[in-house]
Amino acid sequence: GEENNDERILEHLSDMVASHNTLIFLAGDIEEKLAEQFKKGGAQVHQFRAASVRPTFNVFTLTDALGRRDKKKLWVEFRKAIESEGGDDSFFSYVTSMLFWQVKIMLLAAASADAAEAGMKPFPFQKAKQSLKNYSLDELKNFSSKLVALVHDSRRGIHDLETALEQFILTV
């Protein structure tokens, strides 16, 4: 339990302070008594509290909405994901790659008689097959090309990936 951890930490307190290293403890609320012991031992104590816990982003809400061709749901979930995760280039690259993956498995399902032939598990294969009714093969091939180009063009400075990805989503 937490008390046992506190005891183990206190057992090594003098060694930790003497090491002159910066120590970081990831924990919930640190007991004030423990923090005081560190201060008495000569350590500087800085506590940082998380402002709030962000909800976990589930990328499959986006891929499922793309499969269903639910543009509104896709866009709303995209905006929620940005609010939840923040929007840096790695996040937008990840979302783009997952949307590309969805298009890719739909194209693979279209070209395969069954999950085994496609090299897929039965459940995602069936979902991909079902999603095919919402698109033509030409649309899917076009989406595939566009998604690949989005990332490459953003790296070359042609456009901002967030804006380009959002524009793509709004054309679904």
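What this report covers is the structure whose coordinates are included nearby. (Residues numbered from 1 in each chain as written. Predicted model: local features only at pLDDT ≥ 70, side-chain atom pairs only at ≥ 80, totals over all residues. Heavy atoms only, no water.)

One finds L62, L74, F78, V95, L99 and L165 to be the most contacted residues of the largest nonpolar core, which totals 36 residues. Looking at which element gives the most residues to this core, the answer is helix α6 (residues 89-110), with 9 residues. For L74, the residues in contact, after removing those within four places along its chain, are L62, A65, L66, L99, I169 and V172. Within the second largest apolar cluster, 5 residues are counted, among which are I9, L13, M16 and L34. (Core = buried A, V, L, I, M, F, W, Y, C linked by side-chain atoms within 4.5 Å. Buried < 20%, exposed > 50% of the residue type's maximum accessible area, 1.4 Å probe, protein only. Helix = DSSP H or I, 4+ residues; strand = E, 2+ residues; numbered from the N terminus. Contact = heavy atoms within 4.5 Å.)

This next bit is on the pattern of salt bridges. In total, this model carries 7 salt bridges according to the counting rule given. In this structure, the salt-bridge partner of R69 is E139, at a minimum N-O distance of 2.8 Å. Placement of the pair is R69 in the loop between α4 (60-68) and α5 (71-85) and E139 in helix α9 (residues 137-155), with a sequence separation of 70 residues. For the salt bridge of E77 with K73, the shortest nitrogen-to-oxygen distance reads 3.2 Å. Residue E77 and its partner K73 are both found in helix α5; the two are separated by 4 residues, about one turn of the helix. Each member of the salt-bridge network shares a partner with another, and the members are K73, E77 and K80. (Salt bridge = Lys/Arg side-chain N within 4 Å of Asp/Glu carboxyl O.)

Further remarks concern the packing of α6 against α9. Close contact between α6 and α9 brings their axes to 9 Å; oriented N to C, the two are set at 155°. In terms of orientation, α6 lies roughly antiparallel with respect to α9. The interaxial crossing formed by α6 with α9 has left-handed handedness. Residue-level contacts link S93, T96, L99, F100, V103, M106, L107 and A110 of α6 to L137, L140, K141, F143, S144, L147, V148, L150, V151 and R155 of α9. Residues that form the contact of α6 with α9 fall into these classes: 13 nonpolar, 3 polar and 2 charged. (Axes fitted to C-alpha atoms, helices over the stretch in contact; angles between N-to-C directions. Parallel < 35°, antiparallel > 145°, perpendicular 65-115°, else oblique. Left-handed = near helix turned anticlockwise from the far one by under 90°. Nonpolar A, V, L, I, M, F, W, Y, C, P; charged D, E, K, R; others polar.)

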